[in-house]
Amino acid sequence: MFLGEHQHTLDAKGRVILPARFRERLSSGLVFAPSQDRCIDVYPQTAFERRVEELRSLPREDERARLYLRVLLAGAQQETPDAQGRVVIPTRLRDYAGLDKDLTINGADEKVEIWDRTAWESYRGAAEDAFANFSAPFAP
(Lines give C-alpha, C1' and ligand atoms only; values in the text may rest on other atoms or scores of the structure.)
Protein backbone atom coordinates (compact mmCIF):
# COMPACT_ATOMS: atom_id res chain seq x y z
CA MET A 1 0.00 0.00 0.00
CA PHE A 2 1.27 3.47 -0.90
CA LEU A 3 0.73 6.11 1.80
CA GLY A 4 1.75 9.67 2.61
CA GLU A 5 2.34 13.03 0.98
CA HIS A 6 5.79 13.87 -0.37
CA GLN A 7 7.19 17.08 -1.85
CA HIS A 8 9.51 16.65 -4.84
CA THR A 9 10.70 18.64 -7.85
CA LEU A 10 10.79 18.01 -11.56
CA ASP A 11 14.24 18.48 -13.10
CA ALA A 12 15.04 20.14 -16.45
CA LYS A 13 14.84 16.75 -18.23
CA GLY A 14 11.31 16.06 -16.94
CA ARG A 15 12.51 13.55 -14.33
CA VAL A 16 11.39 13.16 -10.75
CA ILE A 17 13.00 11.16 -7.98
CA LEU A 18 10.42 8.78 -6.56
CA PRO A 19 9.95 8.86 -2.77
CA ALA A 20 12.31 6.35 -1.16
CA ARG A 21 9.49 4.37 0.43
CA PHE A 22 7.82 3.88 -3.00
CA ARG A 23 10.89 2.87 -4.99
CA GLU A 24 11.03 -0.83 -4.21
CA ARG A 25 7.46 -1.49 -5.40
CA LEU A 26 8.00 0.59 -8.56
CA SER A 27 11.58 -0.45 -9.37
CA SER A 28 10.68 -3.30 -11.72
CA GLY A 29 8.38 -1.15 -13.84
CA LEU A 30 5.52 1.26 -13.57
CA VAL A 31 2.75 2.73 -15.66
CA PHE A 32 1.92 6.42 -15.82
CA ALA A 33 -1.74 7.11 -16.63
CA PRO A 34 -3.93 10.21 -16.76
CA SER A 35 -6.20 10.63 -13.74
CA GLN A 36 -9.65 12.18 -13.81
CA ASP A 37 -8.50 14.81 -11.29
CA ARG A 38 -5.87 16.27 -13.68
CA CYS A 39 -3.02 14.56 -11.91
CA ILE A 40 -1.01 11.52 -12.99
CA ASP A 41 -1.64 8.06 -11.60
CA VAL A 42 1.41 5.85 -11.22
CA TYR A 43 0.77 2.12 -10.91
CA PRO A 44 3.14 -0.78 -10.40
CA GLN A 45 2.92 -2.72 -13.68
CA THR A 46 0.93 -5.59 -12.14
CA ALA A 47 -1.56 -3.24 -10.46
CA PHE A 48 -2.21 -1.47 -13.78
CA GLU A 49 -2.79 -4.82 -15.45
CA ARG A 50 -5.36 -5.67 -12.75
CA ARG A 51 -7.06 -2.29 -13.29
CA VAL A 52 -7.30 -2.87 -17.04
CA GLU A 53 -8.69 -6.36 -16.44
CA GLU A 54 -11.46 -4.82 -14.27
CA LEU A 55 -12.24 -2.30 -17.00
CA ARG A 56 -12.59 -4.99 -19.67
CA SER A 57 -16.05 -5.72 -18.27
CA LEU A 58 -17.31 -2.26 -19.29
CA PRO A 59 -19.83 -2.44 -22.11
CA ARG A 60 -18.11 -1.54 -25.39
CA GLU A 61 -21.43 -0.24 -26.70
CA ASP A 62 -21.43 2.51 -24.06
CA GLU A 63 -19.88 5.67 -25.53
CA ARG A 64 -18.67 6.90 -22.11
CA ALA A 65 -16.95 3.57 -21.43
CA ARG A 66 -15.19 3.70 -24.81
CA LEU A 67 -14.10 7.29 -24.20
CA TYR A 68 -12.79 6.42 -20.73
CA LEU A 69 -10.82 3.42 -21.98
CA ARG A 70 -9.40 5.29 -24.96
CA VAL A 71 -8.17 8.23 -22.94
CA LEU A 72 -6.78 6.03 -20.18
CA LEU A 73 -5.00 3.52 -22.40
CA ALA A 74 -3.79 5.97 -25.06
CA GLY A 75 -2.38 8.20 -22.32
CA ALA A 76 -0.73 5.38 -20.37
CA GLN A 77 2.99 4.82 -20.68
CA GLN A 78 5.32 2.21 -19.20
CA GLU A 79 8.60 3.32 -17.63
CA THR A 80 11.34 1.88 -15.44
CA PRO A 81 13.10 4.02 -12.83
CA ASP A 82 16.89 4.34 -13.07
CA ALA A 83 19.28 3.24 -10.30
CA GLN A 84 18.74 6.52 -8.40
CA GLY A 85 14.95 6.09 -8.44
CA ARG A 86 14.46 8.75 -11.11
CA VAL A 87 11.86 8.42 -13.82
CA VAL A 88 10.98 10.61 -16.79
CA ILE A 89 7.37 11.77 -16.77
CA PRO A 90 6.10 11.83 -20.37
CA THR A 91 5.65 15.35 -21.77
CA ARG A 92 2.04 14.72 -22.74
CA LEU A 93 1.15 13.71 -19.18
CA ARG A 94 3.13 16.60 -17.68
CA ASP A 95 1.07 18.94 -19.86
CA TYR A 96 -2.19 17.17 -18.97
CA ALA A 97 -1.52 17.54 -15.23
CA GLY A 98 -0.08 21.05 -15.53
CA LEU A 99 3.20 19.98 -13.94
CA ASP A 100 5.84 22.66 -13.71
CA LYS A 101 8.64 22.23 -11.19
CA ASP A 102 7.18 21.73 -7.72
CA LEU A 103 5.31 18.46 -7.28
CA THR A 104 3.39 16.62 -4.59
CA ILE A 105 3.53 12.84 -4.77
CA ASN A 106 0.80 11.09 -2.79
CA GLY A 107 0.35 7.50 -1.83
CA ALA A 108 -3.17 6.39 -2.80
CA ASP A 109 -3.47 2.73 -1.81
CA GLU A 110 -2.41 0.60 -4.80
CA LYS A 111 -1.24 3.58 -6.84
CA VAL A 112 0.66 6.84 -6.48
CA GLU A 113 -0.57 10.26 -7.63
CA ILE A 114 1.66 13.02 -8.97
CA TRP A 115 0.20 16.52 -8.68
CA ASP A 116 1.37 20.02 -9.46
CA ARG A 117 2.00 21.26 -5.92
CA THR A 118 -0.19 24.37 -6.24
CA ALA A 119 -3.05 22.35 -7.76
CA TRP A 120 -2.74 19.75 -4.97
CA GLU A 121 -2.79 22.38 -2.22
CA SER A 122 -5.95 23.90 -3.70
CA TYR A 123 -7.62 20.51 -4.13
CA ARG A 124 -6.52 19.30 -0.69
CA GLY A 125 -7.99 22.36 1.04
CA ALA A 126 -11.44 21.80 -0.48
CA ALA A 127 -11.23 18.01 -0.02
CA GLU A 128 -10.27 18.28 3.65
CA ASP A 129 -13.25 20.59 4.28
CA ALA A 130 -15.58 18.06 2.64
CA PHE A 131 -13.89 15.17 4.49
CA ALA A 132 -14.40 16.90 7.85
CA ASN A 133 -18.13 17.18 7.13
CA PHE A 134 -18.88 13.61 6.04
CA SER A 135 -21.63 12.36 8.33
CA ALA A 136 -21.80 8.69 7.43
CA PRO A 137 -19.52 6.05 5.99
CA PHE A 138 -19.89 5.04 2.36
CA ALA A 139 -22.02 2.09 1.49
CA PRO A 140 -20.32 -0.62 -0.58
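How each quantity is defined
- Residues numbered from 1 in each chain as written.
- Predicted model: local features only at pLDDT ≥ 70, side-chain atom pairs only at ≥ 80, totals over all residues.
- Heavy atoms only, no water.
- Core = buried A, V, L, I, M, F, W, Y, C linked by side-chain atoms within 4.5 Å.
- Buried < 20%, exposed > 50% of the residue type's maximum accessible area, 1.4 Å probe, protein only.
- Helix = DSSP H or I, 4+ residues; strand = E, 2+ residues; numbered from the N terminus.
- Contact = heavy atoms within 4.5 Å.
- Pairing = 2+ DSSP bridges.
- Axes fitted to C-alpha atoms, helices over the stretch in contact; angles between N-to-C directions.
- Lys, Arg positive; Asp, Glu negative; His and termini not counted.
- Salt bridge = Lys/Arg side-chain N within 4 Å of Asp/Glu carboxyl O.
- Polar contact = N/O pair within 3.5 Å; in protein donor to acceptor, adjacent residues only side chain to side chain.
- Patch = residues over 30% accessible without salt bridge, like charges linked within 9 Å, V, L, I, M, F, W, Y side chains within 5 Å.
- Areas by Shrake-Rupley, 256 points an atom, 1.4 Å probe, with all protein chains shown as cover.

Enquirer: Give me the lowdown on the nonpolar core, citing residues and values where you can.
Expert: The biggest cluster of nonpolar side chains holds 19 residues, and the ones touching the most others in it are Leu-26, Phe-32, Ile-40, Val-42, Ile-89, Leu-99 and Ile-114. Mapped onto this core, the elements with two or more residues apiece are helix H1 (20-26), strand S3 (30-34), strand S4 (40-44), helix H4 (91-97), strand S7 (102-108) and strand S8 (111-116). With residues near it in sequence (within four places) discarded, Leu-26 still touches Phe-2, Leu-18, Val-42, Tyr-43, Pro-44, Pro-81 and Val-112. Core analysis: the next-biggest nonpolar cluster, separate from the first, contains nine residues, Ala-33, Tyr-43, Leu-55 and Leu-69 among them.

Enquirer: An account of the sheet that holds S3 is requested, with residue identities and associated values reported.
Expert: Spatial ordering of the open sheet is given by S1-S7-S8-S4-S3-S5, a layout of six strands whose pairing is antiparallel. With one partner strand each, in any of the chains shown, strand S1 (5-9) and strand S5 (77-79) form the two edges of the open sheet. When the angles between neighbouring strand axes are averaged without regard to direction, this sheet yields 30°. Against the sheet, helix H3 (residues 63-75) engages S3 and S5, with an angle of about 135° to S3. Most of the contacts of helix H5 (residues 117-132) go to S8, to which it runs at about 105°, and overall it touches S1, S7 and S8.

Enquirer: Please give an account of the pairing of S7 that cites residues and values.
Expert: In terms of strand pairing, S1 meets S7 through five bridges, oriented antiparallel. Looking at S7, one finds that His-8 is bridged to Leu-103. Inspection of the sheet shows S7 paired to S8 by six bridges, in the antiparallel sense. Bridged to Asn-106 within S8 is Glu-113. Between S7 and S8, which pair antiparallel one after the other, the connecting turn spans two residues, and Asp-109 there sits at a positive phi close to 70°.

Enquirer: So, unusual backbone geometry: which residues are in play, and what are the values?
Expert: One non-glycine residue with positive phi stands out, namely Arg-38, at about 60°. Here Arg-38 is to be found in the loop between S3 and S4. Residue Asp-109 is not a glycine yet carries a positive backbone phi of 70°. One can find Asp-109 in the loop between S7 and S8.

Enquirer: Describe the side chain of Asp-116, naming the residues involved and giving the relevant values.
Expert: Along the chain, the position of Asp-116 falls in strand S8. As a buried residue without a salt bridge, Asp-116 has its nearest oppositely charged side chain in Arg-117, at a separation of 7.9 Å. A distance of 3.2 Å separates a polar side-chain atom of Asp-116 from the backbone nitrogen of Thr-118. Setting aside residues no more than four positions away along its own chain, Asp-116 makes contact with Ala-97, Gly-98, Leu-99, Asp-100 and Asp-102.

Enquirer: Talk me through a nonpolar patch on the surface; I want residue IDs and the actual numbers.
Expert: On the surface, Phe-131, Phe-134 and Phe-138 cluster together into a nonpolar patch covering about 430 Å² of accessible area. Looking at the secondary structure, you find Phe-134 in the segment after H5.

Enquirer: Account for the pairing of S4, naming residues and giving values.
Expert: The side chains of a regular strand alternate between the sheet's two faces. Extensive coverage of S4 is indicated by the burial of five of its five residues. Of the two faces of S4, the one holding Ile-40, Val-42 and Pro-44 and the one holding Asp-41 and Tyr-43 are both buried throughout. Taken together, the five bridges between S3 and S4 define a ladder with antiparallel strand orientation. Its bridge partner being in S4, Ala-33 is matched across the sheet by Asp-41. The antiparallel hairpin formed by S3 and S4 contains five residues in its connecting segment, where Arg-38 sits at a positive phi of about 60°. Here S4 runs beside S8; their pairing, made up of three bridges, is antiparallel. In the sheet register, Ile-40 faces S8, and the bridge partner there is Ile-114.

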